[in-house]
Amino acid sequence: DILRNSDLPAFERFCLVLEVPFIVLRQLVIPITSAAEYKRPVLATSIAFSPLWLSFYASMKYEHHDPYAYCLEKTIACVPFVVWPFCLSIFLGGAILMKFPLKADELKLNYSIPIALYGFGVATSFIDVISDQLVNLLEFIGLTMQIPSSVMGMTVLAWGNSIGDWTTNG
């Protein structure tokens, strides 16, 4: 329990509380089939809700992509873009809920590998969105502080690229 853990400093508890919505979102849309993390209802839910995230992701990446409307050429009616993938994923989520085993060790590889690869793709979309927003934030800070973009590219963005190496080597 985050709030009742007296071993954590107050700032760390505050940061963990801020992280909770992102953890819940991640668990709702990224399917995980590993033995340590496998839970059949969570897997079914993540398969059912991941097309919503992917539709949102596509709307962020493609300027002319409207996730809310898919119009056929000669018809007046527009169908929301996310309806067909969502219906398919609800069906797949229900099938997983009904047919997949309760324990991870009983899950066959020919089912777990494609789901794990799909989950990897969804997880990489999360990383892509986070990195894009981080670059946008750094560009905004550079603009507001009137730092030239060449200096931002050589220093701040380069530092951000090196932090992962620094934390693993330090």
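The coordinates are above.
All of these numbers come straight from a predicted model, not from anything done at the bench. (Residues numbered from 1 in each chain as written. Predicted model: local features only at pLDDT ≥ 70, side-chain atom pairs only at ≥ 80, totals over all residues. Heavy atoms only, no water.)

Peer 1: Let's hear about the overall build of the protein: which residues, and what values?
Peer 2: Along its length, the protein carries 6 helices and 2 strands. Sorting the 170 residues of the protein into buried and exposed places 22% on the buried side. Excluding contacts between residues fewer than 6 apart, the proportion of contacts in the protein whose partners are at least 24 apart in sequence is 57%. Carbon and sulfur atoms make up 68% of the accessible area of the protein, which totals about 12,700 Å². (Helix = DSSP H or I, 4+ residues; strand = E, 2+ residues; numbered from the N terminus. Buried < 20%, exposed > 50% of the residue type's maximum accessible area, 1.4 Å probe, protein only. Contact = heavy atoms within 4.5 Å. Areas by Shrake-Rupley, 256 points an atom, 1.4 Å probe, with all protein chains shown as cover.)

Peer 1: Could you give an account of unusual backbone geometry, with specific residues and numbers?
Peer 2: Phi at Gln146 is positive, roughly 55°, even though this residue is not glycine. Relative to the helices and strands, Gln146 resides in the loop between helix H4 (109–144) and helix H5 (149–154). On the basis of relative accessibility, which here comes to 71%, the residue Gln146 falls in the exposed class.

Peer 1: Which residues make up a nonpolar patch on the surface, and what values do they have?
Peer 2: There is a patch of nonpolar side chains on the surface, built from Val20, Val24, Leu28, Phe49 and Leu52 and spanning about 350 Å² of accessible area. Looking at the nonpolar patch, the elements with two or more residues in it are helix H1 (10–29) and helix H2 (40–61). Here the nonpolar patch gets 3 residues from one element, more than from any other, and that element is H1. By the secondary structure assignment, Val24 is in helix H1. (Patch = residues over 30% accessible without salt bridge, like charges linked within 9 Å, V, L, I, M, F, W, Y side chains within 5 Å. Salt bridge = Lys/Arg side-chain N within 4 Å of Asp/Glu carboxyl O.)

Peer 1: Help me get a handle on the packing of H2 against helix H3 (residues 83–99), residues and values and all.
Peer 2: H3 packs onto H2 with a crossing angle of 175° between their chain directions and a minimal axis gap of 8 Å. By the criterion of interaxial angle, the relationship of H2 to H3 is roughly antiparallel. Listed contacts from H3 to Arg40, Pro41, Leu43, Ala44, Ile47, Ala48, Phe49, Pro51 and Leu52 of H2 are Pro85, Phe86, Ser89, Ile90, Leu92, Gly93, Ile96, Leu97 and Met98. For the contact of H2 with H3, the class distribution of residues is 15 nonpolar, 2 polar and 1 charged. (Axes fitted to C-alpha atoms, helices over the stretch in contact; angles between N-to-C directions. Parallel < 35°, antiparallel > 145°, perpendicular 65-115°, else oblique. Nonpolar A, V, L, I, M, F, W, Y, C, P; charged D, E, K, R; others polar.)

Shape descriptors only; they carry no functional weight alone.
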